[in-house]
Amino acid sequence: MSGPRITLELSLLEAAHLADLVGQFDELLASGPVGDPAVDRLSPAAYRDDEAASAEFRRLTEGDLHARRRADAALMRASLRHRGAVPLIDDLDRAEAEESLTVVLDSAAASAWLKTLAALRLVLASRLGIVDDDDHEGGDPRYGVYDWLGYRLDGLVQALGS
């Protein structure tokens, strides 16, 4: 795909956390837990008034959908490489954690980032019980992660719109 390139600046610590979240997301999709509300939220019912038709539609499409989501996640994770490797949280010392990582996304990578960030937020929203903006309360640190993913997603959308 051609088109404009988007440049993102992240700290290595942000990149490591993001890579970890994307890795967890990939594992969730790979394990394909049946009936997991977070996974189910990624592929809502195709037919609201017909459970049997929705179940059949999901059975026929969910494998391909998860494969595409996993490919997007892999592309996103690969774009987070620093000095040839994806940074790992436990391997960063304090000075390295604050180093900057410049990520340049072509249109295919930007699309993968958009879809993966949105899917990560859906999974977290499901885990936290967030249905709308008013559901965002409590001391659970995952709310901060949810907000941070939203911040990154919004920044990417803004950059693509410019």
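Residues numbered from 1 in each chain as written. Predicted model: local features only at pLDDT ≥ 70, side-chain atom pairs only at ≥ 80, totals over all residues. Heavy atoms only, no water.

> Would you take a moment to explain the nonpolar core for this structure?
One finds Leu80, Leu105 and Trp113 to be the most contacted residues of the largest nonpolar core, which totals 42 residues. Sequence-distant contacts of Leu80, that is, excluding residues within four places in its chain, are made with Leu10, Ala15, Leu18, Ala19, Ala85, Val86, Pro87, Leu101, Val103 and Trp113. (Core = buried A, V, L, I, M, F, W, Y, C linked by side-chain atoms within 4.5 Å. Buried < 20%, exposed > 50% of the residue type's maximum accessible area, 1.4 Å probe, protein only. Contact = heavy atoms within 4.5 Å.)

> What's the story with the packing of helix H1 (residues 12-31) against helix H5 (residues 107-128) in this structure? I'm lost.
Where H1 meets H5, the closest approach of the two axes is 11 Å, and the angle between their N-to-C directions is 75°. With respect to their mutual orientation, H1 and H5 come out roughly perpendicular. Across the interface between the two elements, Leu18, Leu21, Val22, Phe25 and Leu28 of H1 pack against Trp113, Thr116, Leu117, Ala119, Leu120, Val123 and Arg127 of H5. Residue composition of the contact of H1 with H5, by class: 10 nonpolar, 1 polar and 1 charged. (Axes fitted to C-alpha atoms, helices over the stretch in contact; angles between N-to-C directions. Helix = DSSP H or I, 4+ residues; strand = E, 2+ residues; numbered from the N terminus. Parallel < 35°, antiparallel > 145°, perpendicular 65-115°, else oblique. Nonpolar A, V, L, I, M, F, W, Y, C, P; charged D, E, K, R; others polar.)

> Help me understand the side chain of Arg152, please; the structure alone is not making it clear to me.
Its location among the elements puts Arg152 in helix H6 (residues 142-161). In this structure, Arg152 is in contact with Glu9, Leu10, Glu14 and Leu117, ignoring residues within four places of it in sequence.

> It is not clear to me how helix H3 (residues 51-78) should be interpreted in this structure. Could you clarify?
Spacing of three or four residues puts side chains on the same side of an α-helix, whose turn is 3.6 residues. With 28 residues, H3 should reach 40 Å at 1.5 Å per residue; the first-to-last C-alpha distance of 38 Å fits that figure. By the largest-angle criterion, Thr61 marks the main kink of H3, which is about 45°. Every buried residue belonging to H3 is among Ser54, His66, Arg69, Asp72, Ala73 and Met76, and all of these are buried. In this structure, the buried residues of H3 make contact with H1, helix H2 (37-42) and H5. (Expected span 1.5 Å × (residues − 1). Bend = angle between axes of the 7 residues up to and from the residue.)

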